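This is what each chain is made of:
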Amino acid sequence: MEWCVSMPKIELHAHLNGSIRDSTLMELAKELGDKGAIDFSAVEHVILKNDRALNEVFKLFDLIHILTTDHKTVTRITKEVIEDFAADNVVYLELRTTPKKNESKGMSKHSYIEAVLEGIRSVDSVDVDLFDRPSADISVNSNFEDCLCNGTGKKKIYVRLLLSIDRRETAEAAMETVELALGMRDLGVVGIDLSGNPLVGEWLTLLAALEYAKKQGLQITLHCGEVPNPDEIQAMLDFFPRRIGHACCFEDDELKLLKKLRIPVEICLTSNIRTETIASADVHHFADLYKSNHPVILCTDDTGVFSTSLSAEYALASSTFGIGKREMFELSEKAIDFIFACDRVKGELKTIFASALGKFNL
Ligand code: IMP
Ligand code: ZN
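Criteria and thresholds
Each chain has its residues counted from 1, running along the sequence as written. Just so you know, chain letters begin at A and ligand numbers begin at 1, following the order they were written in. Totals for whole chains, interfaces and linings use every residue, but because this is a predicted model, local features are given only for residues with pLDDT of at least 70 and side-chain atom pairs only at 80 or more, for both listing and counting. Heavy atoms from the whole structure form the basis of all side-chain values; hydrogens and water molecules are not counted. Note that water is not among the atoms considered, so a metal site may appear incomplete; the donors listed are N, O and S atoms within 2.8 Å of the metal, with 3.2 Å applied to Na, K and Ca. For four-coordinate sites, all angles between 85 and 135 degrees define a tetrahedron; for four- and six-coordinate sites, opposite donors beyond 155 degrees with the remaining angles between 65 and 115 define square planar and octahedral shapes respectively, and all other cases count as irregular. A helix here means a DSSP run of H or I that spans at least four residues, while a strand means a run of E at least two residues long, and both kinds are numbered starting from the N terminus. Within this scheme, the nonpolar core is defined by two criteria: the residues are buried Ala, Val, Leu, Ile, Met, Phe, Trp, Tyr or Cys, and they are joined through side-chain atoms within 4.5 Å. Categorising residues by exposure relies on relative accessible area from a 1.4 Å probe, with only protein chains included: less than 20% of the type maximum marks a residue as buried, more than 50% marks it as exposed, and the intermediate range marks it as partly exposed. Note on definitions: a residue-residue contact is assigned when non-hydrogen atoms from the two residues lie within 4.5 Å. By construction, the arc corresponds to the directions joining the helix axis to the C-beta atoms. For this analysis, a salt bridge means a side-chain nitrogen from Lys or Arg found within 4 Å of a carboxyl oxygen belonging to Asp or Glu. The disulfide criterion is simple: two cysteine sulfur atoms within 2.5 Å. The convention used is that axes are lines fitted to C-alpha atoms, helices contributing only their stretch in contact, and that angles between N-to-C directions extend from 0 to 180 degrees. Any angle that falls under 35 degrees is termed roughly parallel, while one over 145 is termed roughly antiparallel, one within 65 to 115 roughly perpendicular, and all others oblique. Each crossing is labelled by how the near helix is turned from the far one, with a counterclockwise turn of less than a right angle marking it left-handed and a clockwise turn marking it right-handed. Consider each residue's heavy atoms; a residue with any of them within 4 Å of a molecule or strand counts as near. Whenever a nitrogen or oxygen atom comes within 3.5 Å of another N or O atom, the pair is scored as a polar contact, on the condition that within protein one atom can donate a hydrogen and the other can accept it, and that pairs from neighbouring residues in sequence are kept only if both atoms are in side chains. To measure how exposed things are, a 1.4 Å probe is used in the Shrake-Rupley method; for residues, cover is taken only from the protein chains shown. Each residue is assigned to one of three groups, with Ala, Val, Leu, Ile, Met, Phe, Trp, Tyr, Cys and Pro labelled nonpolar, Asp, Glu, Lys and Arg labelled charged, and all others, Gly among them, labelled polar. Geometry of aromatic contacts follows a simple scheme: Phe, Tyr and Trp rings, the Trp one being its six-membered ring, pair when their centres are within 6.5 Å, and the pair is stacked under 30 degrees between planes, edge-to-face over 60, tilted otherwise. Over a ring means this: the NZ of a Lys or the CZ of an Arg is within 6 Å of the ring centre and within 35 degrees of the ring normal. Here, expected helix span is obtained from the residue count minus one, scaled by 1.5 Å.

Caption draft 1: Structural context of the coordination of the zinc ion (ligand 2). The zinc ion (ligand 2) binds to the protein through H13 (NE2), H15 (NE2), H223 (NE2) and D301 (OD), with metal-donor distances spanning 2.1 to 2.2 Å. What the four donor atoms of the zinc ion (ligand 2) show is an angle range of 81 to 167 degrees at the metal, which sorts the shape as irregular. Read from N- to C-terminus, the donor residues coordinating the zinc ion (ligand 2) fall into the pattern H-x1-H-x207-H-x77-D. Separated by 288 residues along the polypeptide, H13 in strand β1 (residues 9-15) and D301 in the loop between β9 (296-298) and α14 (310-321) bring together distant segments of the chain.

Caption draft 2: Geometry of the nonpolar core. Grouped together as the largest cluster of nonpolar side chains are 113 residues, with contacts concentrated most on I10, I192, L210 and L349. Ranked by residues supplied to this core, first place goes to helix α4 (residues 54-68) with eight residues. With residues near it in sequence (within four places) discarded, L210 still touches I165, I192, L194, W203, I220, L222 and F239.

Caption draft 3: Representation of helix α15 (residues 325-334). Every buried residue belonging to α15 is among M328, F329, L331 and S332, and all of these are buried. Buried residues in α15, looked at end-on, bunch into an arc of 160 degrees, giving them a common side. In this structure, the buried residues of α15 make contact with α1 (2-6), β1, α13 (286-291), β9, α14 and α16 (343-360).

Caption draft 4: Inspection of the pattern of salt bridges at higher detail. Counted by the stated rule, this structure contains 25 salt bridges. As a salt-bridge pair, E176 and K101 come within 2.8 Å of each other at their nearest N and O atoms. Of this pair, E176 sits in helix α8 (residues 171-183) while K101 sits in the loop between β2 (90-97) and α6 (109-121), and the two are 75 residues apart along the sequence.

Caption draft 5: Examining the state of the cysteines more closely. Under the criterion given, the structure shown has zero disulfides. Just so you know, C268 is unpaired, no disulfide at all, and the nearest cysteine sulfur is the one on C299, 5.3 Å from it. Given the relative accessible area of 0%, C268 is considered buried.

Caption draft 6: Structural detail: unusual backbone geometry. Residues other than glycine seldom take positive phi values, yet A247 does so here, at roughly 55 degrees. Counting through the fold element by element, A247 comes out in the loop between β7 (243-246) and α11 (252-261). Among the residues examined, A247 registers a relative accessible area of 2% and is labelled buried. Positive phi values are uncommon outside glycine, yet D301 reaches one of about 75 degrees.

Caption draft 7: Spatial organisation of the packing of α14 against α15. Following both chains from N to C, one finds α14 and α15 inclined at 135 degrees, their axes separated by 11 Å at the closest point. Taken together, the axes of α14 and α15 are oblique relative to one another. Remark: the crossing between α14 and α15 carries right-handed chirality. Along the contact surface, α14 presents Y314, A315 and S318, while α15 presents M328, L331 and S332.

Caption draft 8: The arrangement of the site of ligand 1 in detail. Lining the immediate surroundings of ligand 1 are 17 residues, of which H65, T97, T98, K100 and E226 lie closest. Contact between ligand 1 and H65: an oxygen atom at 2.6 Å from a side-chain N or O atom of the residue. A distance of 2.6 Å separates an oxygen atom of ligand 1 from a polar side-chain atom of T97. In isolation ligand 1 offers 490 Å² of accessible surface; the protein chains occlude 99% of this area. Of all the elements, α4 adds the most residues to the shell around ligand 1, at three residues. For the shell around ligand 1, the residue count by class is three nonpolar, nine polar and five charged.

Caption draft 9: Up close: the packing of α15 against α16. The contact between α15 and α16 brings their axes to 11 Å, and the two run at 170 degrees. Comparing their axes, α16 and α15 come out roughly antiparallel. For the pair α15 and α16, contact is made by R326, F329, S332 and E333 and by F353, A356, L357 and F360, respectively. Residues of the contact of α15 with α16, tallied by class, amount to five nonpolar, one polar and two charged.

Caption draft 10: Inspection of the packing of aromatic side chains at higher detail. Within the structure shown, the criterion is met by seven aromatic pairs. With centroids separated by 5.6 Å and ring planes inclined at 85 degrees, the aromatic side chains of W203 and F239 adopt a geometry described as edge-to-face. Of this pair, W203 sits in helix α9 (residues 203-215) while F239 sits in helix α10 (residues 230-239); the two residues are 36 residues apart in sequence, bridging distant segments of the chain. Pair check on accessibility: W203 and F239 agree, each one buried. Among the aromatic residues, those joined into a ring-pair cluster are W3, F329, F353 and F360. Seen from the ring of F239, K214 lies directly overhead, with NZ or CZ sitting 4.4 Å from the centre.

Caption draft 11: Layout of α6. For α6, with 13 residues, the first-to-last C-alpha span of 19 Å sits near the 18 Å given by 1.5 Å per residue. Among the residues of α6, those classed as buried are K109, S111, Y112, I113, A115, V116, L117, G119 and I120. Buried residues along α6 sit against α5 (71-87), β2, β3 (126-129), β4 (155-166) and α8.

Structure below.
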């Protein structure tokens with residue numbers, strides 16, 4: 001585990017509100033409880049419970065959203081989440097979140113994302129690289145420590161944003177999120193995610209917005225195959241997203257097509273086990289995809305909700321599937337090929353990993 005922490009890592013599947021610190025969530029619940037807005041003892045029980053089936057997880061998210069959806073809190077949790085990933089030696093983070101309206105707080109989807117951006121700007125313990133820009137602007141330092149610390153003594157983390165469309169949204173609401181992402185491309189937004197309760201909503205309702213996003217050059221990742229749904233899985237693979245998340249409930253022919261198309265899969269081991277989508281780590285489809293050299297990226301999904309970290313996910317993969325340090329390092333480095341940021345960032349990340357490899361002497 002210690003070694004997994006020290007290794008540079010790339011996180012491509014992390015939901016903002018799923019990655020909140022337990023301590024922050026309890027503090028927010030207590031605050032609202034004291035104001036009489038919620039019944040704290042009932043909420044405390046829901047937050048502390050840690051074995052939740054998939055459907056129950058979405059009830060918890062509804063509760064989390066009650067606690068977090070005001071500008072100040074969105075800014076605070078964004079800052080904390082970035083600091084936590086940086087502390088775990090995540091050097092590149094693609095953070096996804098669903099833009100939300102909350103009229104009672106004067107919040108629009110746009111102001112929600114502004115609050116997220118404010119959170120990113122307010123990170124001061126770590127240097128954050130948020131914008132895609134040409135490599136001429138920066139000098140790439142070949143020293144691992146300097147690359148990670150940016151020569152300032154501070155760690156450096158690249159952060160990019162994906163705006164999530166929730167499956168329960170209308171076609172119009174989904175389109176609004178895509179327009180928002182297009183308008184914020186210069187501000188660190190690189191793509192669109194489709195997520196939410198897989199038992200709710202219809203692919204066809206959201207397709208027009210996703211097609212528009214793709215046509216406009218936004219990168220797209222879809223939560224795909226979290227539950228058995230052959231028609232939807234087929235339609236999603238036909239859509240040919242840049243990446244998919246999970247791919248837990250694929251039939252043999254769907255798996256064959258996935259492999260043929262070589263669509264990279266974001267793998268979230270602990271999330272799949274905790275939601276009972278997969279019975280246990282040793283029977284997880286990661287093993288088959290990894291062995292057949294299919295592009296896979298280890299990710300956390302929801303560090304807060306599932307009490308995990310990216311290092312813990314690597315440690316779990318290592319112990320379950322017998323993957324050695326060198327292979328773990330290569331798995332982590334390979335993720336560079338699947339990030340949604342520009343080539344300048346890819347080049348810098350390659351330098352960081354090359355320097356780290358020298359340092360680790362693997
Ligand atoms: P937010 O988008 O920052 O509010 O993060 C929480 C949201 O992410 C949830 O309400 C879901 O829509 C989505 N989400 C988090 N985990 C999962 C998952 O395992 N499957 C599908 N959607 C998820
Ligand atoms: Zn997810």
